[in-house]
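Secondary and tertiary structure notes
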Amino acid sequence: MTNLTTNLAVVGGGVIGLSAAWRAAAKSHQVTLYDPEPVRGGASWLAGGMLAPITEAWPGEEDVLRLGEESLERWPGFARDLAQEGVDPGLAGHGTLVVAFDSADAGHLDILAGYLHSIGRAAERLTGREAKRLEPGVGSVRSGLHVPGDLAVDNRKLLNALYAACQKHNVRFIRERVEELPDAEAVVLAAGAWTGRLHPRLADAVRPLKGEILRLRPRRGCLPPPSHTVRAVVEGRPIYLVPRGDQELVLGATQYEAGFDQAVTARGVRELIEGAERVFPAITEYELVETAAGLRAGSRDALPYLGALDGSVFAATGHHRNGLLMAPVTADAVVAWLEGEKPPEGTEAASPARLHQEEHV
Ligand code: GLY
């Protein structure tokens, strides 16, 4: 597409849809966004806000890492531009500490550290004592891994900032669920876990991945939240604690397949609290202020689907565990599609064309 001004419909008002709508509208495209409950209605409102391609990395997922890093590089500029629109999204550069409690966890960290070193990424292996020196509130850990380059963002400030920026650029919000694709020169499908319902090529490619997540606040006299994002694998289950300054701690997240069920289960809460108690024992004295469950948009290979599905209908979905991280690169890709420019590095591997190839194997 090479129109100077495109009439664009964005389906989905989470972080991906709002980011794409804002960036496109700021380039003078005429944008209408469809969502029955933009900003608060989907997984982005519940996210932990880690922008952490390095600590999410794993051997064999190089395309996910490449795209995540491409987006991480764009994050400071994205946050600065948003702040200039009027609302600061609360980007934090506190890095991540990953901790291990037993020899199995330490083995897992060894694999991650070895892999990161082999591909030249900055990550420092720490003894238990060094990890505790970095983050004195952690439990009695065996070893750690410090990744200074990871960022984090306050997801709720971010979504409010994006909404305000969209309004400033005259994005039209239609608060309805889309049953049929809107009539527009270009359509971007960014409805997260629900996107599979909007296009036959995505029907079996995007699936809901449930995640329960808790928000806690330190009460008077409690140890303040850690100063880094702290991650661990406790009894085989990954958990993370993301500080929101001194006032709040986000504890996430379970991950399993349960269709579109969004009930918070007692087991999910118990697993998170039990895991967190080992990582950061002071958490048991915190006030539990919110329990929630959201649905990540799972893809087949942890890479999103970014690109044309047919004609001028584009997918921007399937971001798996990385929706917030990959919002800037996805929004830039949407603008590039509209303007007939080369999309950002790393997006090619995420083309929905790979679905077609899989179908013909
Ligand atoms: N990005 C972390 C999660 O999906 O739980």
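Residues numbered from 1 in each chain as written. Predicted model: local features only at pLDDT ≥ 70, side-chain atom pairs only at ≥ 80, totals over all residues. Heavy atoms only, no water.

What to know about the sheet that holds strand 8 (residues 151-153)
- Spatial strand order, 3-8-4: three strands in an open sheet with antiparallel pairing. Bordering the open sheet on either side are strand 3 (50-51) and strand 4 (91-92), each of which pairs with just one other strand.
- In this sheet, strand 8 lies alongside strand 3 in antiparallel orientation, the contact comprising two bridges. Bridge pairing in strand 8 places Met50 opposite Ala152. (Pairing = 2+ DSSP bridges. Helix = DSSP H or I, 4+ residues; strand = E, 2+ residues; numbered from the N terminus.)

Some details on the nonpolar core
- Leu18 and Leu158 are the most contacted members of the largest nonpolar core, which has 63 residues in total.
- Sequence-distant contacts of Leu18, that is, excluding residues within four places in its chain, are made with Gly12, Gly13, Leu33, Val39, Leu159, Leu162, Tyr163, Cys166 and Phe173.
- One finds Phe101, Val141, Leu216 and Ala232 within the second-largest nonpolar core, a separate group that totals 25 residues. (Core = buried A, V, L, I, M, F, W, Y, C linked by side-chain atoms within 4.5 Å. Buried < 20%, exposed > 50% of the residue type's maximum accessible area, 1.4 Å probe, protein only. Contact = heavy atoms within 4.5 Å.)

Details of helix 3 (residues 103-118)
- Helix length check: helix 3 (16 residues) gives 22 Å between terminal C-alpha atoms against 22 Å at 1.5 Å per residue, within 8%.
- Buried residues belonging to helix 3 abut helix 2 (62-85), strand 5 (96-100), strand 6 (124-127), strand 7 (143-147) and strand 12 (229-234).
- Of the residues flanking the start of helix 3, the one acting as N-cap is Asp102, its side-chain oxygen 3.1 Å from the backbone nitrogen of Ala104.
- Gly120 occupies a position one or two residues after helix 3 and carries a positive phi of about 75 degrees. (Expected span 1.5 Å × (residues − 1). Polar contact = N/O pair within 3.5 Å; in protein donor to acceptor, adjacent residues only side chain to side chain.)

Brief notes about the UniProt feature "domain: FAD dependent oxidoreductase" (unreviewed entry) in the protein chain
- Taken from the UniProt record, the annotation "domain: FAD dependent oxidoreductase" (unreviewed entry) applies to residues 8-337.
- Between the C-alpha atoms that bound residues 8-337 there is a distance of 11 Å. The span itself is 30% helix and 27% strand. (UniProt positions renumbered as here; feature names shortened; annotations may be inferred.)

A few points about the site of the ligand
- Close contacts around the ligand come from Met50, Tyr240, Ala253, Arg296 and Arg321, and that covers them all.
- With respect to the ligand, the side chain of Arg296 contributes an N or O atom lying 2.7 Å from an oxygen atom.
- Between the ligand and Arg321 there is a distance of 2.7 Å, counted from a nitrogen atom to a backbone nitrogen or oxygen.
- Its free accessible area being 200 Å², the ligand has 85% of it covered by the protein chains.
- Each residue belonging to the shell around the ligand can be placed in one class, and the counts come to three nonpolar, no polar and two charged. (Near = heavy atom within 4 Å. Areas by Shrake-Rupley, 256 points an atom, 1.4 Å probe, with all protein chains shown as cover. Nonpolar A, V, L, I, M, F, W, Y, C, P; charged D, E, K, R; others polar.)

Concerning the sheet that holds strand 9 (residues 172-174)
- Read from one edge of the open sheet, six strands run 9-2-1-10-17-16, paired in mixed fashion. The open sheet has two edge strands, strand 9 and strand 16 (305-310), and neither has a second partner. Between one strand axis and the next, the sheet turns by 20 degrees as a mean value, whatever way the strands run.
- Pairing geometry for strand 10 (residues 186-189) and strand 17 (residues 313-317), over three bridges, is parallel. Considered in strand 17, the bridge of Val188 is made with Phe314. (Axes fitted to C-alpha atoms, helices over the stretch in contact; angles between N-to-C directions.)

Considering the pattern of salt bridges
- A complete count under the given rule lists 21 salt bridges for this structure.
- With its nearest N and O atoms 3.8 Å apart, the salt bridge here joins Arg244 to Asp154. Linking Arg244 in strand 13 (residues 237-244) with Asp154 in the loop between strand 8 and helix 5 (155-168), this pair joins segments that are 90 residues apart in sequence. Asp154 carries the same exposure label as Arg244, and that label is buried.
- Between Glu248 and Arg217 there is a salt bridge, with the nearest N and O atoms lying 3.9 Å from each other. Of this pair, Glu248 sits in strand 14 (residues 248-252) while Arg217 sits in strand 11 (residues 207-217); the two residues are 31 residues apart in sequence, bridging distant segments of the chain.
- You can call Arg217 partly exposed: its relative accessible area is 37%.
- The structure contains a network of salt bridges with shared partners spanning Arg23, Glu70, Arg74, Asp81 and Asp332. (Salt bridge = Lys/Arg side-chain N within 4 Å of Asp/Glu carboxyl O.)

Concerning the packing of aromatic side chains
- Evaluated as defined, the whole model comprises six aromatic pairs.
- Note on Trp75 and Phe78: the rings are 5.1 Å apart at their centroids and 70 degrees apart in plane angle, and the pair reads as edge-to-face. Of this pair, Trp75 and Phe78 both sit in helix 2, three residues apart, which is roughly one turn of that helix. Both residues of the pair, Trp75 and Phe78, count as buried.
- Following the ring pairs from residue to residue traces out a cluster consisting of Trp22, Trp75 and Phe78.
- The side chain of Arg278 reaches across the aromatic face of Phe101, ending 4.7 Å from its centre. (Phe/Tyr/Trp six-rings, centres within 6.5 Å; stacked < 30°, edge-to-face > 60°. Lys NZ or Arg CZ within 6 Å of the ring centre and 35° of its normal.)

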